Amino acid sequence: MTDLKSMTRAELDAYVAELGEPKFRAKQVFQWLHRGVEQFDEMTNLSKALRERLKQDCVLTVPVIEQKQVSKLDGTIKYLWKLADGNCIESVVMRYKHGNTICLSSEVGCRMGCAFCASTIGGLIRRLQPSEMLDQLIFAQKDSGLPISNIVLMGIGEPLDNFETVLRFLELVNDLDGLNIGMRHISLSTCGLVDEIDKLATYQLQLTLSVSLHAPDDETRSRLMPVNRSVGVARLFECCRHYFEVTGRRISYEYAMVDGVNDHDWQADLLADHLKGTQGHVNLIPLNDVRESPLKPSRRVAQFQQRLERRGVTCTVRRKLGGDIDASCGQLRRKTLLASGKESIS
Ligand code: SAH
């Protein structure tokens, strides 16, 4: 069966041509797909014969809302989607002044093993398809009635570990006949896969690259993020510097503040040293308490921020949204797996 929604425009054009249909049909199909139709019969401007053909040959992916939580505090909405194969992923819709923003998952689970992250506890189950990434946006928008103008790839999974799919997703979401979300409205967050960052640089996309740094020294970073054991902080910063040179886009560094682990003054100083001349921006994240993890939120966020700022680093503290729901990375999926008895706390 053909997954139409995962096709690029060129592939869809070729497919429609193969069926002996005129080219404008491809555009019509594309528009319907991105509007979130759930049946081929909803594509009312196609001929009956074409609809029947599509029904026979193609799947129309429609995720099921397994759970939905709405924050009473700030209207943040969290979706737990059930995919066609029964796996679940999460997305979060956040309501900012500059526009509604969706946080999307790129994989079912994650294989990066970061010590503080709920998404990685059960490992990687599988990577998502482009259609499954798009569907999170399409159906969140349809269900909530909120127009979504910004995307952050910061949900479950490591986007650069699903590189080709994510690139295809970016191309599709950018399309004028589809969701038409510009690259400057998209952030991609990575734990720091240097080969993939180098590869991404060659595309010169105008998106914002966020690098999950979380520590400026190898000892701490390797403890928090196994990915650092093979690459190291020096190589990561070299890679980021190159990315900035090639794309002209400033990098944003994510730094989740962990009590007594990465919140010391000397680490703020070292971070400032690394960032000299890079125009990098630091986003300090108050750690979300993950039940399975012994790591606790830092009490020194403000001091750390001041210290960085005094050394000329631009720095913000992430505002916590959805505090009354399970709005952070992987927590709702995790809770549901536990409740269904599919996993136990290890
Ligand atoms: N794999 C990608 C994107 C997913 S995670 C990455 O590593 O960047 C999105 C962000 O949330 C990352 O910066 C991640 O490190 C951070 N994060 C994960 N668990 C967290 C927690 N318990 N508290 C605060 N931030 C967390």
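Throughout, residues of each chain are indexed from 1 in the direction in which the sequence is written. Restriction of local features to residues with pLDDT of at least 70 applies here, the model being predicted, together with a cutoff of 80 or more for giving and counting side-chain atom pairs; totals for whole chains, interfaces and linings are based on all residues. The basis for every side-chain value is the complete set of heavy atoms in the structure, and neither hydrogens nor water enter the calculation.

**Student:** I keep staring at the site of the ligand and nothing clicks. Help me out?
**Tutor:** The cutoff for a nearby residue is simple: one of its non-hydrogen atoms must lie within 4 Å of the molecule or strand. In the vicinity of the ligand lie 19 residues, with Phe116, Ser189, Ser212, His214 and Asn288 positioned nearest. A distance of 3.0 Å is found between a nitrogen atom of the ligand and a backbone nitrogen or oxygen belonging to Phe116. One nitrogen or oxygen atom from the main chain of Cys191 is found 3.4 Å from an oxygen atom belonging to the ligand. Here the Shrake-Rupley method, with its probe set to 1.4 Å, supplies the accessible areas, and only the displayed protein chains count as covering residues. Contact with the protein chains covers 94% of the free accessible surface of the ligand, which is 530 Å². Any residue outside Ala, Val, Leu, Ile, Met, Phe, Trp, Tyr, Cys, Pro, Asp, Glu, Lys and Arg is labelled polar, Gly included; the first ten of those are nonpolar and the last four are charged. Taken together, the residues of the shell around the ligand break down into 10 nonpolar, seven polar and two charged. By the criterion applied in these results, polar contacts are pairs of N or O atoms within 3.5 Å in which, for protein atoms, one can donate a hydrogen and the other can accept it, and in which residues neighboring in sequence qualify only through two side-chain atoms.

**Student:** Please explain the domain arrangement of the protein as it appears in this structure.
**Tutor:** Quoted interface sizes are often the accessible area lost when the parts come together. In this entry, domain limits derive from an automatic or database-based domain assignment. Here the domain parsing of the protein yields domain 1 (2–59) and domain 2 (64–340). Each of domain 1 and domain 2 has a C-alpha centre, and these two points are 33 Å apart. Joining two parts hides part of their accessible area as seen by a 1.4 Å probe, and the buried area is that hidden amount summed over both. Counting each side, the surface lost to burial between domain 1 and domain 2 is near 1300 Å², with a carbon and sulfur contribution of 50%. Among the residues of domain 1 in contact with domain 2, Lys5, Ser6 and His34 are the three that bury the most area, contributing 42% of the side total. For salt bridges, the criterion is a side-chain nitrogen of Lys or Arg within 4 Å of an Asp or Glu carboxyl oxygen. Summed over the shared surface of domain 1 and domain 2, the number is six salt bridges.

**Student:** How should the packing of aromatic side chains be read in this particular structure?
**Tutor:** Two descriptors summarise a pair of aromatic rings, namely the distance from one centre to the other and the angle between the planes of the rings. Pairing of aromatic rings covers Phe, Tyr and Trp, the last counted by its six-membered ring, and requires centre-to-centre distances within 6.5 Å; plane angles under 30 degrees mean stacked, over 60 mean edge-to-face, and any other angle means tilted. For the coordinates displayed, the defined rule picks out four aromatic pairs. For the ring pair Phe163 and Tyr203, a centre distance of 6.3 Å and an interplane angle of 45° mean the geometry is tilted. Of this pair, Phe163 sits in helix α5 (residues 163–173) while Tyr203 sits in helix α6 (residues 194–203), and the two are 40 residues apart along the sequence. Throughout this description, buried means an accessible area under 20% of the type-specific maximum (1.4 Å probe, protein chains only), exposed means over 50%, and partly exposed covers the range between. Overall, the relative accessible area of 6% leaves Phe163 in the buried class. You can call Tyr203 partly exposed: its relative accessible area is 41%. Centroid distance Tyr255 to Phe304: 5.1 Å. Interplanar angle 35°. Geometry classified as tilted. The helix and strand labels rest on DSSP assignments: H or I over at least four residues marks a helix, E over at least two residues marks a strand, and numbering proceeds from the N terminus.

**Student:** What is the right way to read the environment of Val92 from this model?
**Tutor:** Of note, Val92 is situated in strand β5 (residues 88–96). When its relative accessible area of 7% is taken as the criterion, Val92 is described as buried. Each C-alpha atom of the pair Val92 and Leu172 lies 20 Å from the other, and the pair is 80 residues apart in sequence.

**Student:** What exactly am I supposed to notice about the nonpolar core here?
**Tutor:** Across soluble globular proteins, nonpolar side chains show a tendency to be buried alongside one another. As used in this record, nonpolar core signifies buried Ala, Val, Leu, Ile, Met, Phe, Trp, Tyr and Cys residues forming a set joined through side-chain atoms within 4.5 Å. Residues Leu4, Leu54, Ile151 and Leu308 are the most contacted members of the largest nonpolar core, which totals 97 residues. No other element matches α5, which puts seven residues into this core. Taken domain by domain, this core gets at least three of its residues from each of domain 1 (2–59) and domain 2 (64–340). By definition in these notes, contact holds between two residues if any of their heavy atoms fall within 4.5 Å. Apart from residues no more than four positions distant in its own chain, Leu54 is found in contact with Leu4, Tyr15, Leu19, Val29, Phe40, Met43 and Leu46. Within the second largest apolar cluster, five residues are counted, among which are Val92, Met94, Cys103 and Val152.

**Student:** Any chance you could explain the environment of Gly155 here in plain terms?
**Tutor:** In this structure, Gly155 sits in the loop between β9 (148–153) and α5. For Gly155 and Ala140, which are 15 residues apart along the polypeptide, the C-alpha to C-alpha distance reads 14 Å.

**Student:** Explanation requested: the sheet that holds β5 in the structure shown.
**Tutor:** Strand pairing in a sheet relies on backbone hydrogen bonds, with the paired strands running either antiparallel or parallel. Read across the sheet, 10 strands follow the order β3-β4-β5-β6-β9-β10-β11-β12-β13-β14 without closing on themselves; strand pairing throughout is mixed. Each edge of the sheet is formed by a strand with only one pairing partner; in this case those strands are β3 (64–70) and β14 (314–317). The sheet shows a mean angle of 25° between the axes of neighbouring strands, direction not considered. The criterion for strand pairing is that DSSP finds at least two bridges linking the strands in question. Across six bridges, β3 lies against strand β4 (residues 77–82) in antiparallel orientation. In the strand pairing of β4, Gln67 is matched with Leu80. For helices, the fitted axis covers only the stretch in contact; all axes are lines through C-alpha atoms, and the angles between them, taken along N-to-C directions, range from 0 to 180 degrees. The sheet contacts of helix α4 (residues 130–144) involve β3, β4, β5, β6 (99–103) and β9, and relative to β4 the element is tilted by about 130°.

**Student:** Hey, could you run me through helix α9 (residues 233–247) in this one?
**Tutor:** In an α-helix, one full turn covers 3.6 residues, which means residues spaced three or four apart are oriented alike. An ideal rise of 1.5 Å per residue puts 21 Å on 15 residues; α9 measures up with 21 Å between its terminal C-alpha atoms. For α9, the set of buried residues is Val233, Leu236, Phe237, Cys239, Cys240, Tyr243, Phe244 and Thr247. Angular distribution of buried residues about the axis of α9 spans 160°; they occupy a single face of the element. Relative to its buried face, α9 has exposed residues pointing more than 90 degrees away, namely Ala234, Glu238 and Glu245. In this structure, the buried side of α9 is in contact with α6, β11 (208–212), α7 (218–224), α8 (228–231), β12 (252–257) and α10 (265–275). In the stretch just after α9, Gly248 is the one whose phi turns positive, near 70°. Given the number of residues in a helix, its expected span is that number minus one, multiplied by 1.5 Å. Think of the arc as the fan of directions from the helix axis to the C-beta atoms.

**Student:** Is there a simple way to think about the pattern of salt bridges in this case?
**Tutor:** A pair can form between side chains of opposite charge whenever their charged atoms are brought close. Inspection of every chain in the model, using the stated rule, returns 32 salt bridges. For Arg53, the salt bridge identified is with Asp57, shortest N-O distance 2.8 Å. Here the residue Arg53 and the residue Asp57 both occupy positions in helix α3 (residues 48–57), the gap between them amounting to four residues, near one helical turn. The closest approach of N and O atoms between Asp265 and Arg307, which form a salt bridge, is 3.5 Å. In this pair, Asp265 sits in helix α10 while Arg307 sits in helix α11 (residues 301–310), placing the two residues 42 residues apart along the sequence.

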